[in-house]
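Coordinate analysis (summary)
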Amino acid sequence: MTRFLHIYLNAYRGLSRPAWMLALVMFINRSGAMVLPFLGVYMTNKLNYTIEDAGIVLSCFGMGAVSGSWLGGWLTDRFGHFKIQTCSLFLTAPLFFLLPQLQSMKWLAFGIFSLSLISETFRPANSVSIAHYAKPENITKAFSLNRMAINLGFSIGPALGGFLASISYDFLFYGNGITCLLAGILFFIYFKGKKGHQKKKEDNAEPVFPKRSPYTDVPFLLFSFLCALYAICFFQLLNTLPMFYRSIYQLTESQIGRILAFSGFVVFSLEMLVVHVAEKKLSTASVIIFGTLLCGFSYVLLNHHAGQWILYFSIFILCLSEILAIPFMATVTANRSGKYNQGAYMGLNALSFSIAHIISPYVGTHVAATHGFTSLWWGTGIITTITAVGFIWVFRLMKR
């Protein structure tokens, strides 16, 4: 326990106050992450959508997220990270207030797409902001702190969302909108006119980009494809899993919120320690392969109906999969790239996760509606096993 606390205390030593404030803004924003985990349940339970129709609307969220991430990067380069983050937070809030009024499938899909488009412009601008305010030697720590804030916020948001949804689904949307507004106010007040870290002259030298592109790096393209397969399976967490809790186990919104909050707390509390141990004891390839297999195992467990404890055990295993697989996938991407094309490599790998956000809800809900949840969970286990075998092959290609 003492060693565990020592790791945490040393991890964020030396970070600037703006880095902590950015993390606080992200924490407040993610504490309001109430709508997305319950969106499928809201559509099937209150609006009486079929599971397949709900999957189509959820895919619209993924399409908006992909478009928003690209648009956010483009706008940030032209107008600056402060303006884009401020606009994103203040424009997202009224959209949450509007969504309860959109009940037809066509308008709700359009509303969800618009919401994710605007809200996701925040992410690229926020990443630029972290790098802007952090000292060069603390950039990794600053990004890590931001991820911790996201996970801590997600441990609160679903629990609060489940409580509000049990009263009224409208409160779910209003609560999410209010947290966006609060995050926007705090961000605007603190960061207006705030100067960032002044880079040295040599930091601004024009880089010479190497010829190799990630789009011509065949082993890396295969690696990113396998990452997308993993993400399609993993993202059932946000799509079909809450609907499974509701329809099969008849859980209330509050109970679903507690399970999802538990997952956020597990990742928040264990990620740094598990990653630290895994880095020392195992190779990067072994960690990713093991994490991929755990993802499938966690979903297959859901076919064994043994009370609510199996739901908590399953999502705990899924959290371990996330901790082991996703950070180390980023490590492989960074190591595969050169000094001056890291952004292109990271962008391509991020694109694989963004595409998974589109495919995952549509495929998951279609399989669940057509063949049942049992087939979905077995299918997820089979796909992750094939993906793990694929990773073994790709890592051998990379070594050559």
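Residues numbered from 1 in each chain as written. Predicted model: local features only at pLDDT ≥ 70, side-chain atom pairs only at ≥ 80, totals over all residues. Heavy atoms only, no water.

In this section: the overall build of the protein. Counting its regular elements, the protein contains 16 helices and zero strands. Burial statistics for the protein: of 400 residues in total, 52% are counted as buried. Within the protein, contacts between residues separated by at least 24 positions form 86% of all contacts whose residues are at least 6 apart in sequence. For the protein, the exposed area adds up to about 18,600 Å²; of that, 67% sits on carbon and sulfur atoms. (Helix = DSSP H or I, 4+ residues; strand = E, 2+ residues; numbered from the N terminus. Buried < 20%, exposed > 50% of the residue type's maximum accessible area, 1.4 Å probe, protein only. Contact = heavy atoms within 4.5 Å. Areas by Shrake-Rupley, 256 points an atom, 1.4 Å probe, with all protein chains shown as cover.)

With that settled, consider the packing of aromatic side chains. Per the stated rule, a full pass over the model turns up 23 aromatic pairs. An angle of 10 degrees between the planes, with centres 5.9 Å apart, marks the rings of Tyr230 and Phe234 as stacked. In this pair, Tyr230 and Phe234 are both assigned in helix H10 (residues 218-234), four residues apart and thus about one turn of the helix distant. Accessibility assignment for this pair places Tyr230 and Phe234 in one class, buried. The rings of Phe82, Tyr133, Phe187, Phe188, Tyr190 and Phe191 are connected pair by pair, giving a single aromatic cluster. (Phe/Tyr/Trp six-rings, centres within 6.5 Å; stacked < 30°, edge-to-face > 60°.)

So, about the pattern of salt bridges. One pass over the structure, following the stated rule, counts three salt bridges. Between Lys46 and Asp170 there is a salt bridge, with its nearest N and O atoms 3.8 Å apart. Taken as a pair, Lys46 in the loop between helix H3 (35-45) and helix H4 (51-79) and Asp170 in helix H9 (residues 169-191) lie far apart in primary sequence, 124 residues in all. Asp170 gets classed as partly exposed once you look at its relative accessible area, which sits at 23%. For Arg246, the salt bridge goes to Glu253, with nearest N and O atoms at 3.6 Å. Note on Glu253: relative accessible area 7%, which makes it buried. (Salt bridge = Lys/Arg side-chain N within 4 Å of Asp/Glu carboxyl O.)

Glancing now at a nonpolar patch on the surface. A surface patch of nonpolar side chains, about 650 Å² in accessible area, is lined by Ile56, Tyr215, Leu221, Leu351, Ile355, Ile359, Tyr362 and Val363. Element by element, the count of residues in the nonpolar patch is highest for helix H15 (residues 342-371), at five residues. The topology assignment puts Leu221 in helix H10. (Patch = residues over 30% accessible without salt bridge, like charges linked within 9 Å, V, L, I, M, F, W, Y side chains within 5 Å.)

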